[in-house]
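Here is what each chain is made of, one letter per residue.
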Amino acid sequence: MTVTSPALVAGPPAPRRAWLADLPVLAVAVVWGGSYLAAKGVTTAHTVIAVLVLRFALVLPVLALAGRRRLRALTPAQLRGGGLLGLVLGGIFLLETYGVVHTSATNAGLIISLTMVFTPLAEAAVRRVRPPAAFLGAAAVSVAGVVLLTQGAGFTAPGAGDLLILGAALARTVNVLLTARMKALEDADPLSLTTVQLGGAVLVFALLAATPGSGDSPWAAAAGFGAPQWAGLVFLSVLCTLFAFFVQTWALRRTSPSRVSLLLGTEPLWAAAAGIVIGGEHLGPLGLAGAGLVLAGTAWGRRAAG
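Please read all numbers here as calculations on a predicted model, not as lab measurements.

A. Highlighting helix 3 (residues 48-66). Taking 1.5 Å of rise per residue, the 19 residues of helix 3 would be expected to cover 27 Å, and the 28 Å separating its terminal C-alpha atoms lies within 8% of that figure. Maximal helix bending in helix 3 amounts to about 25 degrees, located at V59; proline P61 follows within four positions. Of all the residues in helix 3, the buried ones are V48, I49, A50, V51, L52, V53, L54, R55, F56, V59, L60 and L63.

B. Inspection of the packing of aromatic side chains at higher detail. Tallied over the full model, the rule gives four aromatic pairs. Ring geometry for F225 and W230: centres 5.4 Å apart, planes at 85 degrees, overall edge-to-face. Each ring, one from F245 and one from F246, has its centre 5.5 Å from the other, and the planes form 70 degrees; the classification is edge-to-face. Cluster of aromatic residues (ring-pair linked, three or more members): F56, F93 and F205.

C. Structural view of the pattern of salt bridges. One pass over the structure, following the stated rule, counts three salt bridges. A salt bridge links R70 to D189; the nearest nitrogen and oxygen atoms lie 3.5 Å apart. In this pair, R70 sits in helix 4 (residues 68-72) while D189 sits in the loop between helix 9 (160-181) and helix 10 (190-209), placing the two residues 119 residues apart along the sequence. Under the relative-accessibility criterion, R70 is labelled partly exposed at 38%. Between E96 and R172 there is a salt bridge whose closest N-O contact spans 2.8 Å.

Rules behind the numbers
Residues numbered from 1 in each chain as written. Predicted model: local features only at pLDDT ≥ 70, side-chain atom pairs only at ≥ 80, totals over all residues. Heavy atoms only, no water. Helix = DSSP H or I, 4+ residues; strand = E, 2+ residues; numbered from the N terminus. Expected span 1.5 Å × (residues − 1). Bend = angle between axes of the 7 residues up to and from the residue. Buried < 20%, exposed > 50% of the residue type's maximum accessible area, 1.4 Å probe, protein only. Phe/Tyr/Trp six-rings, centres within 6.5 Å; stacked < 30°, edge-to-face > 60°. Salt bridge = Lys/Arg side-chain N within 4 Å of Asp/Glu carboxyl O.

Written as structure tokens, this is what we have:
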């Protein structure tokens, strides 16, 4: 049974207030869509781990300082759960970042949107229930779209980067399911939990950076950055991580989770727009058809699962 506050019983927020709450959330979707192109401009195959260390090390102290009192209130079980999710989060970012180095920003943004299809399918499998027929149809449309999207030059095997991004979408699904099923995390403060997760991910990146053969060190990578690379790194750290988290927390207190989710679901559109307009990427007829199917399939799947 859901307990509804009197404010919600009175009706939806006024249009002006709803619009003011929507704009920052839409801005998060825009910057997330641009994050693939930004990561592609900052990162090479030899600097993936170094860039990840730098990206999250810049924001972690801010999060820890902002939530230091609530961090101390976490229970040992919540710390362990957050640490485990941090390991998964580290895997997600490794797959995404290595993937975007080896594929286009447009492909990355559209393929990662398959998380919206994979998650309900995985949840149905865990609960041993059959998904609605409409949702299965939406999943088939999305998968067909990805096949076309990655075949712009003809029907060949998807590239390594496309497969890595697909793996990241699957890892995101695992992260969502783990978060939902860990009872100890139900009452955890969101800011504190996010800080612990990012701390676990940074620890993974730092350990990998200290491993021989892992590529450039964070310090060597930072020393080689010019103004465009530093601008991209600040964009990824401040806007795509710090700003995005605080806006989501702020918005969920002022509007509905469904509205926030719908606005954030426009991320693939912005990723495609950034890749094509700013990055000069070209999809070709097959790629454009595939992009359309991915967007249509994920939108249909969201409605069918909702």
